[in-house]
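# What the coordinates show
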Amino acid sequence: MARKQSRRDPYEESDSENEAPAVAPPCWLCGRPTGKTIVWHHPVPKSRGGRDVVPMHPICQQTVTAHFTNSELQRHGMDVEALLDNPAIRKFVDWVAKKDPDFSATLTKKQR
């Protein structure tokens, strides 16, 4: 079977100098721009039928999974404000707001 021809001419000079740099999507939990590492998190766990994914910092994703069970995450769904009503999550978001987007630290174990 023959390959389809690319729509782009391989000999055409690229306009890489004119292209704007890609804007980092904001983190779903804390709202800061994401850094080099982006975790695509399922707000509703896949085991509970979740299909949507949102960009998050690894440290934010670890915090959410440490403080909520899959059942609780399913109840909250895509509502980030419901997660921020938890005092531990609100304290974390206030603390991490001043950090670099690529900041990482060890977190406490699951609080269950």
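In this text, all values refer to a predicted model and were calculated from it rather than measured experimentally.

A count of helical and extended segments in the protein chain gives 4 helices and 2 strands. What you see in the protein chain, going N to C, is helices and strands ordered as β-β-α-α-α-α. Counting the 112 residues in the protein chain, one finds 29% classified as buried. Long-range contacts, defined as pairs at least 24 residues apart, comprise 55% of the intrachain contacts of the protein chain with a sequence gap of at least 6. Surface accessibility of the protein chain: about 8500 Å² in total, with carbon and sulfur atoms responsible for 50%.

Looking now at the side chain of T63. When you line up the elements, T63 lands in helix α1 (residues 58-67). Given a relative accessible area of 3%, T63 falls into the buried group. When neighbours within four sequence positions are excluded, T63 is seen to be in contact with I89, F92 and L107.

Moving on, we get to the nonpolar core. Judged by nonpolar contacts, the single largest core of 18 residues is most densely connected at L29, M56, C60, F92 and V93. Of all the secondary structure elements, the ones that give two or more residues to this core are β2 (54-56), α1, α3 (80-84) and α4 (87-96). Per-element tally for this core: the top contributor is α4, with 4 residues. Not counting the four nearest positions on each side in its chain, F92 is found in contact with L29, I59, C60 and T63.

This part takes up the packing of aromatic side chains. For the structure on display, the rule yields 2 aromatic pairs. Pairing F92 with W95 gives two aromatic rings, centres 6.1 Å apart and planes at 45°, and the pair type is tilted. You can see F92 and its partner W95 sitting in helix α4, 3 residues apart, about one turn around the helix. In this structure W95 comes out as partly exposed when scored by relative accessible area, which is 40%. Centroid distance W95 to F103: 5.5 Å. Interplanar angle 70°. Geometry classified as edge-to-face. A relative accessible area of 26% places F103 in the partly exposed class. Members of the aromatic cluster, joined through ring pairs, are F92, W95 and F103. Of note, K99 hangs over the ring of F103, and the distance from its end group to the ring centre comes to 5.4 Å.

The rules behind the values
Residues numbered from 1 in each chain as written. Predicted model: local features only at pLDDT ≥ 70, side-chain atom pairs only at ≥ 80, totals over all residues. Heavy atoms only, no water. Helix = DSSP H or I, 4+ residues; strand = E, 2+ residues; numbered from the N terminus. Buried < 20%, exposed > 50% of the residue type's maximum accessible area, 1.4 Å probe, protein only. Contact = heavy atoms within 4.5 Å. Areas by Shrake-Rupley, 256 points an atom, 1.4 Å probe, with all protein chains shown as cover. Core = buried A, V, L, I, M, F, W, Y, C linked by side-chain atoms within 4.5 Å. Phe/Tyr/Trp six-rings, centres within 6.5 Å; stacked < 30°, edge-to-face > 60°. Lys NZ or Arg CZ within 6 Å of the ring centre and 35° of its normal.

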